Amino acid sequence: MPLELDYEVAGLGDDAVDYLAAWDVQRRVHEAVVAGTRPDTVLLLEHPPVFTAGKRTDPHERPLDPGGADVIDVDRGGKITFHGPGQLVGYPIVTLPDHVKVVDYVRRVEEALIAVCADFGVTTARVPGRSGVWLRADQRGPERKIGAIGIRVSRGVTMHGFALNCDVDLGWYDRFVPCGIADAGVTSLTEELGRDVPVADVLPSVREHLSAYLAWQPYVATPDYDPRPEPGRGPRIELVRPGR
């Protein structure tokens with residue numbers, strides 16, 4: 001049976017949640033999950049436009065002109081990314097079983113997003129050396145990212161999470177180097193399908209697949225695309241390891 005996660009839609013559309021306010025909610029929920037007073041929880045929401053810079057963000061990767069959006073340094077792994085209207089953000093705040101390594105957790109979230117994209121007719125996979133969910137290079141353009149992942153694990157419970165581009169304005173990604181990767185593109189379900197795919201339409205699929213993969217049962221992984229490590233780096237996945 002899929003894991004019974006507590007899904008909370010914290011704010012979509014006109015009720016999009018300010019990033020710092022959502023960060024406070026994450027911390028409160030995290031404390032409750034660690035204490036055992038709340039079940040494992042997934043916060044689902046949209047943010048107003050904001051750039052969030054992970055611990056490995058280099059100065060040249062930050063936007064010179066953020067277009068009025070805030071640029072916020074955060075305590076997750078990885079580099080800089082964008083959140084905004086039309087992008088589903090998910091913050092799974094879940095207890096990792098002793099036998100589940102952090103990398104396995106990330107792979108399961110990626111696999112859930114791959115399954116969500118497949119539900120909408122978009123074929124995606126992982127690119128070894130680069131976290132997240134990708135489309136293969138084709139006649140439409142270069143390799144392009146549709147789902148981003150950046151997490152933190154504290155006291156055995158996850159924080160931060162994933163962002164899936166549904167009908168986000170892709171013009172925001174012209175303002176910076178997304179995830180520090182300059183030789184690839186960014187896309188959305190709407191862009192790939194040629195029709196509008198709002199965030200609300202994606203919620204049922206996300207709930208279904210995230211619950212299935214976070215039930216910690218064995219699964220058959222989607223075959224990877226060819227490895228493409230970040231320029232100047234060897235293959236690795238950016239995580240903050242379990243700590244205090």
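Residues numbered from 1 in each chain as written. Predicted model: local features only at pLDDT ≥ 70, side-chain atom pairs only at ≥ 80, totals over all residues. Heavy atoms only, no water.

S.K.: I'd like to hear about the overall build of the protein chain, residue by residue, with values.
M.R.: Looking only at helices and strands, one finds 4 helices and 12 strands in the protein chain. The C-alpha radius of gyration computed for the protein chain amounts to 17 Å, which stays within 12% of the reference 18 Å derived for 244 residues, consistent with globular compactness. Projected onto the principal axes, the alpha-carbon positions of the protein chain cover approximately 45 × 40 × 35 Å. Within the span of the protein chain, comprising 244 residues, buried residues form 55% of the whole. A separation of at least 24 residues holds for 74% of the contacts in the protein chain among residues at least 6 apart in sequence. For the protein chain, the computed accessible surface area is about 10,700 Å², with 51% contributed by carbon and sulfur atoms. Across the protein chain, the mean location of the 27 positive side-chain charges is 7 Å away from that of the 36 negative side-chain charges. (Helix = DSSP H or I, 4+ residues; strand = E, 2+ residues; numbered from the N terminus. Rg over C-alpha atoms; globule rule 2.2 N^0.38 Å. Buried < 20%, exposed > 50% of the residue type's maximum accessible area, 1.4 Å probe, protein only. Contact = heavy atoms within 4.5 Å. Areas by Shrake-Rupley, 256 points an atom, 1.4 Å probe, with all protein chains shown as cover. Lys, Arg positive; Asp, Glu negative; His and termini not counted. Charge placed at Lys NZ, Arg CZ, Asp CG, Glu CD.)

S.K.: I'd love a proper account of the pairing of strand 3 (residues 50–53), names of residues and values included.
M.R.: Side chains V50 and T52 of strand 3 all project onto a buried face; the interleaved residues F51 and A53 project onto the opposite face, where all are buried too. Taken together, the 4 bridges between strand 3 and strand 5 (residues 80–83) define a ladder with antiparallel strand orientation. Pairing of T52 across the sheet is with T81, part of strand 5. (Pairing = 2+ DSSP bridges.)

S.K.: Could you give me a rundown of unusual backbone geometry, with the residues and numbers involved?
M.R.: Across the chain, the bulk of peptide bonds are trans and the bulk of non-glycine residues have phi less than zero. If you check the backbone angles, R155 has positive phi at about 55° while not being a glycine. As for its placement among the helices and strands, R155 is situated in the loop between strand 9 (144–154) and strand 10 (157–165). A relative accessible area of 42% places R155 in the partly exposed class. Within the chain, W216 stands out as a residue other than glycine whose phi angle is a positive 70°. As for its position among the elements, W216 is in the loop between helix 4 (199–213) and strand 12 (240–243).

That is the geometry; function is a separate question.
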